[in-house]
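Per-entry structural report
Here's the letter readout for the chains.
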Amino acid sequence: MSATSDTSAQTAAPISRVAADPANAAHAGRRDRLRAGLSAAGVDAILVTDLVNVRYLSGFTGSNAALVVTASGDDRISTDGRYLTQVAEQAPDLTAIIARDCPSALTEYLVGSGARIGFEKHVVTVETHQRLLPILTGAETLKPVGALVEDLRMVKDDDEIEQIRTACQTADLALADILGDGLVVPGKTERQVARALEWAMFERGAEAVSFETIVATGANSAVPHHRPTDAVLGAGDLLKIDFGAVVGGYHSDMTRTYVLERAESWQREIYDLVAQAQQAGREALAPGVEAGEVDAAARSIIDAAGFGEQYVHGLGHGVGLQIHEAPSIGKLSTGTLPCGAAVTVEPGVYLPGRGGVRIEDTLVIRDGEPDLLTTTDKTFTVI
């Protein structure tokens, strides 16, 4: 064992496999899928240091951890002493190495194996890389690899889809709660509506919110990622609400736009245009379709109406353990969309100084029609 890393508190703690547990079996299956791709990446093992990826592959949710997945199947997880009980409960099918410096501890574990060790080049810092190099005293090498785990995460298994579905239902119900309770009316502030919606999501079972809730009234609705202020909702305002709930670690994402008390013709026209684009984007979702083509299906409708310059972002993104993950669906996106990916479709038109409309759903790409997970009505609504 190298003396260059801070692993003085390190212990190896074998823990029996609990293959009968469906959650453990799911995580083990994900590691097997990753293992199958190691050879193509030119490595014998991969050091996983992104905490979201560690959770995906092991079930462990602590704030300090790393994981090594090997071609031989003798995988290891590392975390520090604060999580000794938690790692045993959440990842009982993995042997745990208890150490403060998790990447160094797992690299030391591989010393003597002669392995080509892949590391997540988009995650590992220069400082960490420099700390790992001196540990490799044998024939081992460190090799940068791309987003292997993130590529696996694009395709959701049935359990993941049900978690996302539940998160979407939680958000749907929470929005219905505050609308039904009369909490979205002129005189309220953006902050009051945002806090009421977030509390309603917690009341409905959310463990967290997916991101800072966007509530934007009047001219503020023309700012795509407006942060709620003390701006007062007024009669005749467009009101954009973009929000999501987290359930079981999985996120939902939805945007609805309303008009308060009375609507003008231009508001209805912009809304109808965005609704048509959103429907076209949803209908274009299919396995094997180029992501850029899905964006174009929606964008072409807005462009043809003369509002292309007022549509300033991509059509959508993947949703899962993170609110924004692969695949990306935008004008410059490359690659095809896989069956089983959970994605958003969210075109918008934003008129500075006047107001904006965005309509967003979360869906799962299927062989047939996409599975719509966010079900709040999208009909033009005056509240």
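Residues numbered from 1 in each chain as written. Predicted model: local features only at pLDDT ≥ 70, side-chain atom pairs only at ≥ 80, totals over all residues. Heavy atoms only, no water.

1. Points about the overall build of the protein
Stated precisely, the cut-off is as follows: Counting from the N terminus, the helices are the DSSP runs of H or I reaching at least four residues and the strands are the DSSP runs of E reaching at least two. Restricting the calculation to C-alpha atoms gives the radius of gyration, and the globule rule supplies 2.2 Å times the number of residues raised to the power 0.38. In this analysis, two residues are considered to be in contact whenever any of their non-hydrogen atoms come within 4.5 Å of each other.
Secondary structure summary: the protein contains ten helices and 20 strands in total. For the protein, the C-alpha radius of gyration of 24 Å lies close to 21 Å, the compact-globule estimate for 383 residues. When the backbone C-alpha atoms are referred to their principal axes, the protein occupies close to 75 × 40 × 40 Å. A separation of at least 24 residues holds for 68% of the contacts in the protein among residues at least 6 apart in sequence.

2. So, the state of the cysteines
Working definition of a disulfide: a covalent bond connecting the sulfur atoms of two cysteines. Threshold: Two cysteine sulfurs form what is called a disulfide whenever their separation falls within 2.5 Å. Relative accessible area decides the class of each residue, using a 1.4 Å probe on protein chains only: under 20% of the type maximum gives buried, over 50% gives exposed, and in between gives partly exposed.
Taken as a whole, this structure holds zero disulfides when the rule is applied. Its sulfur unpaired, Cys339 is 17 Å from the next cysteine sulfur, which belongs to Cys168. Residue class for Cys339 comes out partly exposed when judged on its relative accessible area of 31%.

3. Things to note about the sheet that holds strand β11 (residues 245–247)
Filter applied, for reference: Two strands qualify as a pair provided that DSSP identifies no fewer than 2 bridges between them.
If you trace the three strands from one edge of the open sheet to the other, you get β8-β11-β12, paired in antiparallel fashion. Only two strands of the sheet have a single partner each, and these edge strands are β8 (208–209) and β12 (250–251).

4. Some remarks on the packing of helix α7 (residues 158–180) against helix α8 (residues 190–203)
Short version of the rule: Angles run from 0 to 180 degrees between N-to-C directions of axes, and those axes are lines fitted to C-alpha atoms, restricted for helices to the stretch in contact. Note on terminology: angles under 35 degrees are roughly parallel, angles over 145 are roughly antiparallel, angles of 65 to 115 are roughly perpendicular, and the others are oblique. In this scheme the handedness of a crossing depends on how the near helix is turned from the far one: anticlockwise by less than a right angle means left-handed, clockwise means right-handed. Lys, Arg, Asp and Glu make up the charged group, whereas Ala, Val, Leu, Ile, Met, Phe, Trp, Tyr, Cys and Pro make up the nonpolar group; the residues left over, Gly among them, are polar.
The contact between α7 and α8 brings their axes to 8 Å, and the two run at 130°. In terms of axis orientation, α7 runs oblique to α8. Relative to α8, α7 is oriented so that their crossing is right-handed. Of α8, the residues touching α7 (which contributes Thr170, Ala171, Ala174, Leu175, Asp177 and Ile178) are Val193, Ala196, Leu197, Ala200 and Met201. The class makeup of the residues in the contact of α7 with α8 is nine nonpolar, one polar and one charged.

5. Quick word on the UniProt feature "domain: Creatinase N-terminal" (unreviewed entry) in the protein
We apply this condition: UniProt positions are given in the numbering used here, feature names are shortened, and annotations may be inferred rather than shown by experiment.
Here, the residues flagged by UniProt with the feature "domain: Creatinase N-terminal" (unreviewed entry) are residues 30–155. With 35% helix and 22% strand, residues 30–155 has its two end C-alpha atoms placed 11 Å apart.

6. Digging into the side chain of Asp80
The following threshold applies: The term polar contact refers here to a pair of N or O atoms within 3.5 Å; inside protein, the definition further demands a hydrogen-donor-capable atom paired with an acceptor-capable atom, and it admits residues adjacent in sequence only when both atoms are side-chain atoms.
Tracing the chain through its elements places Asp80 in the loop between β4 (76–79) and α3 (84–90). Look at Asp80 and you get buried, because its relative accessible area is 8%. Looking at Asp80, its side chain comes within polar contact range of the side chain of Arg82, at 2.9 Å. With residues up to four places along the chain from it excluded, the contact list for Asp80 reads Asn64, Ile98, Ala99, Arg100 and Cys102.

7. Regarding the sheet that holds strand β13 (residues 254–259)
Pairing is antiparallel in the open sheet, where three strands are placed in the order β9-β10-β13. At either end of the open sheet lies a strand with only one pairing partner, and these are β9 (214–217) and β13. Between one strand axis and the next, the sheet turns by 10° as a mean value, whatever way the strands run. Alignment of β9 against strand β10 (residues 238–243), held across four bridges, turns out to be antiparallel. For Ala216, the partnering residue across the bridge sits in β10 and is Lys240. Sitting on the sheet, α7 touches β10 and β13, and the angle it makes with β13 is about 20°.

8. Here we look at the pattern of salt bridges
Where we set the bar: Any Lys or Arg side-chain nitrogen located within 4 Å of an Asp or Glu carboxyl oxygen qualifies as a salt bridge.
All told, the structure shown has 24 salt bridges when counted by the stated rule. With its nearest N and O atoms 3.0 Å apart, the salt bridge here joins Arg116 to Asp44. Of the two residues, Arg116 sits in strand β6 (residues 116–120) while Asp44 sits in the loop between α1 (22–36) and β2 (45–48), which places them 72 residues apart along the sequence. Classification of Arg116 as partly exposed rests on a relative accessible area of 37%. Where salt bridges share partners, they join Arg31, Asp32, Arg35, Asp75 and Asp93 into one cluster.

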